[in-house]
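Each chain, letter by letter, is given below.
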Amino acid sequence: AAKAAGRDGYQVFDPARHADVLAEAEQRAALERALLEEQFVVHYQPIVDLPARELIGFEALVRWNHPEAGLVGPLTFIPLAEATGLIVPLGRWVLDQACRQLAAWTAEYPEAARLRMSVNLSPRQFQHSGLVAEVAGIIERTGVPAGKLVLEITESLLMKDTEATVRTLEALKALGVRLAVDDFGTGYSSLSYLKRFPVDILKIDRSFVDGITADSGDATLAEAVVQLGRTLRLQTVAEGIETADQWSTLRELGCEYGQGYLFARPVAADEIMPLIRSRPTGLADPITE
Ligand code: C2E
Ligand code: MG
Ligand code: MG
Ligand code: MG
């Protein structure tokens, strides 16, 4: 029957594709196991106030501490987690972990009370009906003030301007959390959604920051996003700042906040402590160029 090439609903047997499916099933099983065995870890990347270079908070970024491969980045497993739905429990775990971490830092260091925690939400997580209750539960259990939690959502999600999207965004806002549009400018931008949806923060995608000093086109785009943020009274966060030139250009454009290797890479929780403790933060030290 399998020889009927696609006829009558039968699939052609394709050994290469069969191998792909097997590999995917194996990967999925490995991800499930990883979640059960707590092989995931959350790293934290400092977000700084650009003029002062002072720590204002963190973005929580998940990694897989793979028993054989070592530390694996999210771009290799988030798409599969998203496709299989495993992102829902994984994302919940990350959110819980990040909030607990912020609560622990705050308990230990009063200075940490001013810091915020930013957590990525995938489209599938966003569409999951239990999301709002889960966020509410995590805030309550960990004692993190809702206003200190930022949820990063993608532009593509906002493009689906459905009743359900609006309802979820408003329910999250009603909890008191802040909403950021991640990788802003990479989607099919329709600016009108920014007015309709209750977002607070625009994150300027790294691709615009990359060429900001060399390529005037990118500088113009970054500037436009900063202006847009100002007009709509949204905060702007630039991601992927790697050089002092990019930093000063963004400062001149009036971008308030940023993150990038220039300031700090994403690091494990225990490496963050010294940054919080130093007064002003270790990040506030002048850079030697
Ligand atoms: P994102 O949310 O846009 O996160 C920023 C990414 O840029 C991170 O990559 C970060 O390590 C990287 N980055 C920051 N500064 C620099 C820099 O100066 N130079 C360069 N080259 N890169 C920089 P990462 O950790 O590999 O994460 C990639 C993406 O995976 C994230 O992009 C986010 O979309 C997704 N992701 C990570 N953690 C989670 C999670 O817990 N849940 C979900 N749904 N997605 C996540
Ligand atoms: Mg993000
Ligand atoms: Mg981003
Ligand atoms: Mg990005």
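Here, the structure is the one placed above.
Note that the structure is a prediction, hence the values are computed from the model and not measured.

Draft legend 1. Spatial organisation of the pattern of salt bridges. All chains considered together, the criterion is met by seven salt bridges. A salt bridge links R100 to D96; the shortest N-O distance between them is 2.8 Å. Here the residue R100 and the residue D96 both occupy positions in helix α3 (residues 87-108), the gap between them amounting to four residues, near one helical turn. Owing to a relative accessible area of 12%, D96 belongs among the buried residues under this scheme. Salt bridges here are not isolated pairs; linked through shared partners, they connect E59, E152 and K203.

Draft legend 2. Here's a closer look at the coordination of the magnesium ion (ligand 3). Coordination sphere of the magnesium ion (ligand 3), protein contribution only: D182 (OD), D183 (OD) and E239 (OE), at 2.0 to 2.6 Å. Each donor residue of the magnesium ion (ligand 3) belongs to the same chain, with the gaps between them written as D-D-x55-E. Separating the magnesium ion (ligand 3) from the magnesium ion (ligand 2) is a gap of 3.5 Å, which D182 spans by donating to each of them.

Draft legend 3. Local environment of the coordination of the magnesium ion (ligand 4). For the magnesium ion (ligand 4), the full set of protein donor atoms is D183 (OD) and E239 (OE), and the range of their distances to it is 2.2 Å. Taken as a pair, the magnesium ion (ligand 4) and the magnesium ion (ligand 3) show a spacing of 3.0 Å, with D183 coordinating each metal. With D183 in strand β6 (residues 178-184) and E239 in the loop between β8 (235-238) and α11 (244-253), this residue pair connects regions lying 56 residues apart in the sequence. Taking relative accessible area as the criterion, D183 reaches 27% and is therefore assigned partly exposed.

Draft legend 4. Up close: unusual backbone geometry. Its identity is not glycine, yet E38 carries a phi of approximately 55°, on the positive side. Mapped onto the secondary structure, E38 falls in the loop between α1 (15-36) and β1 (40-49). Its relative accessible area of 54% is what places E38 among the exposed residues. You will see that R53, though not glycine, has its phi angle at about 60°, which is positive.

Draft legend 5. Examining the packing of helix α5 (residues 131-142) against helix α7 (residues 163-175) more closely. At their nearest, the axes of α5 and α7 sit 10 Å apart, and the two run at 15° to each other. Classed by the angle they form, the pair α5 and α7 counts as roughly parallel. Regarding α5 and α7, the two cross each other, and that crossing is right-handed. Residue-level contacts link L131, V132, V135 and A136 of α5 to T168, A171, L172 and L175 of α7. The class makeup of the residues in the contact of α5 with α7 is seven nonpolar, one polar and no charged.

Draft legend 6. Structural detail: the packing of aromatic side chains. Scanning the entire structure with this criterion turns up seven aromatic pairs. Geometrically, the ring pair formed by W247 and F263 is edge-to-face, given 5.7 Å between the ring centres and 90° between the ring planes. On the criterion of sequence distance, the pair formed by W247 in helix α11 and F263 in the loop between β9 (257-258) and β10 (267-268) is long-range, its members being 16 residues apart. Each member of the pair, W247 as well as F263, is classed as buried. Here the aromatic cluster, defined as three or more aromatic residues joined through ring pairs, consists of F40, W64 and F77. We note R196 situated over the ring of F197; from NZ or CZ to the ring centre the distance is 5.6 Å. Positioned over the ring face of Y261 is R265, at 3.8 Å from the centre of the ring.

Conventions we followed
Residues numbered from 1 in each chain as written. Chains lettered and ligands numbered in written order. Predicted model: local features only at pLDDT ≥ 70, side-chain atom pairs only at ≥ 80, totals over all residues. Heavy atoms only, no water. Salt bridge = Lys/Arg side-chain N within 4 Å of Asp/Glu carboxyl O. Helix = DSSP H or I, 4+ residues; strand = E, 2+ residues; numbered from the N terminus. Buried < 20%, exposed > 50% of the residue type's maximum accessible area, 1.4 Å probe, protein only. Donors = N, O, S within 2.8 Å, 3.2 Å for Na, K, Ca; no water. Axes fitted to C-alpha atoms, helices over the stretch in contact; angles between N-to-C directions. Parallel < 35°, antiparallel > 145°, perpendicular 65-115°, else oblique. Left-handed = near helix turned anticlockwise from the far one by under 90°. Contact = heavy atoms within 4.5 Å. Nonpolar A, V, L, I, M, F, W, Y, C, P; charged D, E, K, R; others polar. Phe/Tyr/Trp six-rings, centres within 6.5 Å; stacked < 30°, edge-to-face > 60°. Lys NZ or Arg CZ within 6 Å of the ring centre and 35° of its normal.

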